[in-house]
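Descriptive analysis of the structure
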Amino acid sequence: MKKITVCIVGHGPSLKGAEKGKLIDSHDKIVRLKGAKHVLGTEDYGNKVTSVCASTEIMGTFFGIDAQEFWAYPKNGSFNGYGAINVISRLERPVMIPLYFCNEWNQRFRDLGSKHPNVSTGTAAILIAIKRRVPKRIHLAGFDT
């Protein structure tokens, strides 16, 4: 299996004016986070989209983004099945909801002493990318907090 590079792109303002779009798009796989629709298609953030990651609570942000697949992160340990089915049936693209995988990592996070019940969506995207793509390298862009 060929090892690939993955770039996970947030929508933080640090990329504004940086003209990193071509560099971002040069990766084998590009994972965009929930706010991608507002920054896609610019010389700062790039155009390419392989996957989009958002929490199951805001899966509606998937609409309007042309991705090969979508990753819905069940950050609260469960999700609204009716709402998820509604979005999935309208997207007509693969949607992955890695419930048990994310619950395991959120528990590990809490076991480390976190006062927050779950990892961020950006961290979830990193974990899912590692499991799903087994990349040689992951680059992060637009992660500002």
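Residues numbered from 1 in each chain as written. Predicted model: local features only at pLDDT ≥ 70, side-chain atom pairs only at ≥ 80, totals over all residues. Heavy atoms only, no water.

Attention shifts here to the overall build of the chain. For the chain, the count of helices and strands is four helices and six strands. The order of α-helices and β-strands along the chain, N terminus first, is β-α-β-β-β-α-β-α-α-β. Here the chain has a C-alpha radius of gyration of 15 Å; the compact-globule value for 145 residues is 15 Å, and the two agree. Across its three principal directions, the C-alpha atoms of the chain cover 40 × 35 × 35 Å. Counting across all 145 residues of the chain, residues that qualify as buried make up 42%. (Helix = DSSP H or I, 4+ residues; strand = E, 2+ residues; numbered from the N terminus. Rg over C-alpha atoms; globule rule 2.2 N^0.38 Å. Buried < 20%, exposed > 50% of the residue type's maximum accessible area, 1.4 Å probe, protein only.)

Quick look at the pairing of strand β1 (residues 5-9) now. For β1, the tally of buried residues reaches five of five residues, placing the bulk of the element in the interior. Of the two faces of β1, the one carrying T5, C7 and V9 and the one carrying V6 and I8 are both buried. In this sheet, strand β6 (residues 137-141) lies alongside β1 in parallel orientation, the contact comprising five bridges. What sits directly across from C7, in β6, is H139. (Pairing = 2+ DSSP bridges.)

As enumerated under the stated definition, the model contains one aromatic pair in all. Taking NZ or CZ as reference, R108 lies 4.4 Å from the ring centre of W105, over its face. (Phe/Tyr/Trp six-rings, centres within 6.5 Å; stacked < 30°, edge-to-face > 60°. Lys NZ or Arg CZ within 6 Å of the ring centre and 35° of its normal.)

Burial of nonpolar side chains together is a common tendency in soluble globular proteins. I8, V31 and C53 are the most contacted members of the largest nonpolar core, which totals 16 residues. Every element with two or more residues in this core is listed here: β1, β2 (29-33), β4 (69-73), α3 (99-111) and α4 (121-133). One finds M59, F62, I65 and A84 within the second-largest nonpolar core, a separate group that totals 13 residues. (Core = buried A, V, L, I, M, F, W, Y, C linked by side-chain atoms within 4.5 Å.)

Given 3.6 residues to a turn, an α-helix orients residues that are three or four positions apart in the same direction. Buried within helix α2 (residues 81-91) are the following residues: A84, V87 and L91. Relative to the axis of α2, the buried residues are bounded by an arc of 70° and lie together on one face. Exposed residues on α2 whose side chains face more than 90 degrees from its buried face are Y82, I85 and S89. On its buried face, α2 is in contact with β4 and β5 (95-96). (Arc of directions from axis to C-beta. Contact = heavy atoms within 4.5 Å.)

Looking now at the environment of L140. Along the chain, L140 turns up in strand β6. With a relative accessible area of 47%, L140 lands in the partly exposed category. When the C-alpha positions of L140 and G77 are compared, they lie 25 Å apart, and in sequence the two are 63 residues distant. Apart from the residues within four sequence positions on either side, L140 is in contact with I8 and I126.

Below, the discussion takes up the sheet that holds strand β3 (residues 51-55). The six strands lie next to each other as β5-β4-β3-β2-β1-β6, forming an open sheet whose pairing is parallel. A strand with exactly one partner marks an edge of an open sheet, and here the two such strands are β5 and β6. Both β3 and β4 contribute to a ladder of five bridges, which runs parallel. Among the inter-strand pairings, V52 is bridged to a residue of β4, identified as F70.

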